[in-house]
Amino acid sequence: MIKPLWTTQFAITSPASPTAPFCQHRCRVSSGVSDASSQQASCLIIFVDRCSCLGVRAEKPSSEQACASAACFIVRRPQESGPYRSDSVCGTCGCVNGAADASYKTTKKQGNVRFPLAHFHSECHDRVVPNDHSSLPPVSALVQNRELCYRAVSARDQRFDGQFVTAVRTTGIYCRPSCPAQTPHAENVDFYPTPAGAQQAGFRACRRCSPDAAPGTPGWNVTSELATRALTLIAEGVIERSGVAGLAAKLGYSTRHVNRILVAELGAGPLALARSFRARTARALLQSTSMPIADTAFASGFSSVRQFNDTIARIYGLTPSQLRREDAAGQSAGGALTLHLPFRAPLNASWVQWFLSGHAVPGMETARNESFTRGLRLPRGLASVRLRLAEDHVGATLALNDLRDLMPAVARIRHLLDLDADPVAVDRALSRHSSMRPLVSESPGIRVPGCADPTETVIRALLGQQVSRRAAITLTSRLVAQLGEEAPPIDRSETPPKVFPSAAAIAEHGRTVLSGPVRRIRSIIAAAQALDAGTLRVHPGADPAELHDTLLTCDGFGPWTASYVAMRVTRHPDIFLHGDHVVAKSLSDLSLTAADAQHWAPWRSYATMHLWWHYVRDTATRKETAAS
């Protein structure tokens, strides 16, 4: 069997002319190779090295690159009954997976071969289309691979929820890949990377599967890192407050360039994406609270009730009153709102609860009865939030000073708990390495905690340098007690939490409140002044590498502190905390070295959390053994 140097997953042949390669969209491939020199001269192997609409170019990449981007090619051979049989051939070892596999079925109407998501030989599965989608193409390329997307829709594969949406032209509706409705014919569907892209094309959301309520697309699946950062800022309501120009200024690019990147990668411009986020927030409010319609419109970020009504009708095909459920949960007596925030299972609740409670600052954060309460500083005011982990969602009860802060508050919560992560893809990728497999099997669904307030993360990281976790909590609680502000209470019978002080307050009063080494106090004051003046820009949309390098130039920031802040603030999946003493102890306990971390890319942030959690559980076990 011939082993190709370069193939693409988009290679198919025209039924009318088997020797002429065509791409997924039936455009003519500018250069293709037909080779009939295999063991059977009647076999036809199709290579596609350049597609005019997909932009695939003929190169000789390394074997790793070839397997990651193009895992198979198509072999068409004559059969005794019927003109041809099409086989999927592994691009790594050349093994054939043909009609012997029960998952090969012929659709009656089209007569095409339906290939399964992945069924390659075990000898090469590590480098050829694994059963999870951790090695799938980025979202912008994934939606162009219609065959792969349609197979996911046919299988109703929940792992692809949030990766793309399916728009059915005959009904004008778009759905999740896992929608339980009847699977539409392949010729009647289009695929979009985001709900906003489908909405921009005139499709409305399915009422059965609620595709707009699916967890967000994981940032590492987007080709352009700029698109990822822009999406994070849009979710926090930057466009509502500063417009597209403000978004572009935060990203450091022109508005034209940001718009071009978002349309290319996500299928919609910044305004359409912002409208999609507002509609999703509005739907959650309508279906989970009894808030008046007008208040819901402004709390969702809309500038007028008319704009709100038009958007809801366009996206959902219903009026806001019709969309509201009869069993709405309503508001509590104190005016708090309760929302359900979905996530991709599994979520390791033990790890999340330990991290939140283990770092809780008295007076600002409270962990009690499997709930976590804290104050938030939002763009227009202060807020309190209480979180409870459920099997398939996180219950969030919020008390806001300004209802317009609801959308950024939800974005902060999702960021803090890493609710948009894809744990199945992460766990399976890490499990391929024998060094991480035991940790992943013991604790699946580990998340990388984000941050609720970038200023808080920076200052707390400086306060925690060269001291124990308990000492850092004590220092932070003193700072909050002196300079923190009271947030609105969720329950009037409870003491409201305080919110971490602003950068301006720390810069002005920090010298009289902070205690400890003079150098540390000087570093904290300098960082607060830079944050207040805007010369140090720390936000979720920042470039992780640039943020890391910028922090290293600031007084008091070493490599560990800069990496830790970049990991928590940007939620980047591939930051390994070299020099962390807990990581070093776990590595030693597992007979590993820091050099092994290079094999865990691009998920080293999650590997770091596994090492931390291993140390916590191992320490608890030793204490229990000693006590007994």
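Residues numbered from 1 in each chain as written. Predicted model: local features only at pLDDT ≥ 70, side-chain atom pairs only at ≥ 80, totals over all residues. Heavy atoms only, no water.

Caption draft 1: Main features of the overall build of the protein chain. In terms of regular secondary structure, the protein chain is built from 23 helices and 20 strands. Burial status across the protein chain gives 55% buried among its 628 residues. The contacts of the protein chain with a sequence gap of at least 6 include a subset with a gap of at least 24, amounting to 66%. Accessible surface computed for the protein chain: about 27,500 Å², of which carbon and sulfur atoms make up 50%. (Helix = DSSP H or I, 4+ residues; strand = E, 2+ residues; numbered from the N terminus. Buried < 20%, exposed > 50% of the residue type's maximum accessible area, 1.4 Å probe, protein only. Contact = heavy atoms within 4.5 Å. Areas by Shrake-Rupley, 256 points an atom, 1.4 Å probe, with all protein chains shown as cover.)

Caption draft 2: Molecular detail of the side chain of Thr608. Structurally, Thr608 can be placed in helix α23 (residues 604–627). Under the relative-accessibility criterion, Thr608 is labelled buried at 0%. Those residues in contact with Thr608 that sit more than four places away from it in its chain are Ile575, Phe576, Leu577 and Val583.

Caption draft 3: Structural detail: the pattern of salt bridges. Per the counting criterion, the structure on display carries 20 salt bridges. We note a salt bridge from Arg146 to Asp190, for which the minimum N-O separation is 3.6 Å. Here Arg146, found in helix α3 (residues 146–154), pairs with Asp190, found in strand β12 (residues 189–192); they are 44 residues apart in sequence, far enough to count as distant. Judged by relative accessible area, which is 19%, Arg146 ranks as buried. Each of Glu365, Arg374, Glu456 and Arg460 takes part in a single network of salt bridges with overlapping partners. (Salt bridge = Lys/Arg side-chain N within 4 Å of Asp/Glu carboxyl O.)

Caption draft 4: Highlighting the packing of aromatic side chains. Across all of its chains, the model carries 10 aromatic pairs by this definition. Between Trp603 and Tyr606, the aromatic rings sit 6.4 Å apart at their centres with planes inclined by 70 degrees, giving edge-to-face as the arrangement. Each of the two residues, Trp603 as well as Tyr606, counts as buried. A connected cluster of aromatic rings, assembled from ring pairs, spans Trp351, Trp354, Phe355 and Trp613. Here Arg278 stacks its cationic end above the ring of Phe302, 5.3 Å away from the centre of that ring. (Phe/Tyr/Trp six-rings, centres within 6.5 Å; stacked < 30°, edge-to-face > 60°. Lys NZ or Arg CZ within 6 Å of the ring centre and 35° of its normal.)

Caption draft 5: The arrangement of the layout of surface pockets in detail. Here the second largest pocket defines a volume of roughly 1,600 Å³. As for the second largest pocket, its lining consists of 49 residues, of which Gly464, Val467, Ser468, Arg469 and Trp560 are closest to the centre. Every element with two or more residues in the lining of the second largest pocket is listed here: α12 (349–358), β16 (371–378), α16 (454–463), α17 (469–483), α19 (518–533), α21 (559–570), α22 (581–589) and α23. In terms of residue class, the lining of the second largest pocket is made up of 22 nonpolar, 15 polar and 12 charged. (1 Å grid on protein atoms, 1.4 Å probe; cavity = no way out; pocket = protein on both sides within 12 Å on 5 of 7 lines; lining within 4 Å. Points joined across faces, edges and corners; volume = space filled by probe spheres on them. Nonpolar A, V, L, I, M, F, W, Y, C, P; charged D, E, K, R; others polar.)

Caption draft 6: Structural view of the pairing of strand β10 (residues 165–168). Neither face of β10 is exposed, since Val165 and Ala167 on one face and Thr166 and Val168 on the opposite face are all buried. By the bridge criterion, 4 bridges tie β10 to β12 in an arrangement that is antiparallel. Opposite Ala167, over in β12, you have Asp190 as the bridge partner. As paired elements, β10 and strand β11 (residues 173–175) share 3 bridges and run antiparallel to each other. Among the inter-strand pairings, Ala167 is bridged to a residue of β11, identified as Tyr174. Linkage of β10 to β11, two consecutive antiparallel strands, is achieved through a turn of 4 residues, within which Gly172 is found at a positive phi near 75 degrees. (Pairing = 2+ DSSP bridges.)

Caption draft 7: Layout of the sheet that holds β10. Strand order across the open sheet formed by 4 strands is β12-β10-β11-β13, with mixed pairing between neighbours. Here the strands that pair on one side only, and so sit at the sheet edges, are β12 and β13 (204–205). Here α3 sits on the sheet and contacts β10 and β12; the angle it forms with β12, its principal contact strand, is near 100 degrees. (Axes fitted to C-alpha atoms, helices over the stretch in contact; angles between N-to-C directions.)

Caption draft 8: Summary view of empty space enclosed by the protein. Taken as a whole and judged by the stated rule, the model has 8 cavities of 30 Å³ or more. Put simply, the second largest cavity is a space of about 60 Å³. Lining the second largest cavity, in full, are Ala196, Gln199, Gln200, Ala272, Arg275, Thr311, Arg314 and Ile315. Put simply, the parts of the chain that give the lining of the second largest cavity at least two residues each are α4 (195–200), α8 (270–288) and α10 (305–316). Of the residues belonging to the lining of the second largest cavity, the class tally is 3 nonpolar, 3 polar and 2 charged.

Caption draft 9: Spatial organisation of the environment of His599. Tracing the sequence through the fold places His599 in the loop between α22 and α23. Classification of His599 by relative accessible area gives partly exposed; the value is 44%. Between the alpha carbons of His599 and Met436 there is a distance of 9.9 Å; along the sequence they are 163 residues apart.

Caption draft 10: Broad picture of the confidence of the model for the protein chain. Taken as a whole, the protein chain shows an average pLDDT of 76; of its residues, 74% reach a score of 70 or greater. Of the regions scoring below 50 in pLDDT, residues 219–223 engages in 19 contacts with residues more than four places distant in sequence or in other chains. (pLDDT = per-residue confidence, 0-100.)

Caption draft 11: Structural view of the nonpolar core. In this structure, Leu398, Leu406, Leu417, Trp600 and Trp612 are the most contacted members of the largest nonpolar core, which totals 93 residues. Among all residues touching Leu417, those that are not within four sequence positions of it are Val352, Leu356, Leu387, Leu389, Val394 and Arg447. The next biggest cluster of nonpolar side chains, apart from the first, holds 24 residues, and it includes Ile234, Ile239, Ala272 and Ala274. (Core = buried A, V, L, I, M, F, W, Y, C linked by side-chain atoms within 4.5 Å.)

Caption draft 12: Representation of the state of the cysteines in the model. Under the definition given, this model contains 0 disulfides. With no disulfide of its own, Cys179 lies closest to Cys209 among cysteine sulfurs, the gap being 3.7 Å. Judged by relative accessible area, which is 8%, Cys179 ranks as buried. (Disulfide = S-S within 2.5 Å.)

Caption draft 13: Fine view of the sheet that holds strand β17 (residues 381–389). The 5 strands are arranged β14-β18-β17-β16-β15 in an open sheet whose pairing can be described as antiparallel. Every other strand in the sheet has two partners, leaving β14 (337–342) and β15 (365–368) as the edge strands with one partner each. Strand-to-strand twist across the sheet, computed as the mean angle between neighbouring axes with direction ignored, equals 25 degrees. Note: β14 against strand β18 (residues 393–400), 6 bridges, orientation antiparallel. Counterpart to Thr338 in the pairing with β18 is Thr397.

Caption draft 14: Geometry of unusual backbone geometry. The amide bond that connects Ala345 to the next residue, Pro346, takes the cis arrangement and shows omega of 0 degrees. By the element assignment, Pro346 lies in the loop between β14 and α12. The omega angle of the peptide bond from Ala601 to Pro602 is 5 degrees, so this bond is cis rather than trans. The topology assignment puts Pro602 in the loop between α22 and α23. At Arg571, a position not held by glycine, the phi torsion is positive, near 55 degrees. With respect to the helices, strands and loops of the structure, Arg571 is situated in the loop between α21 and α22.

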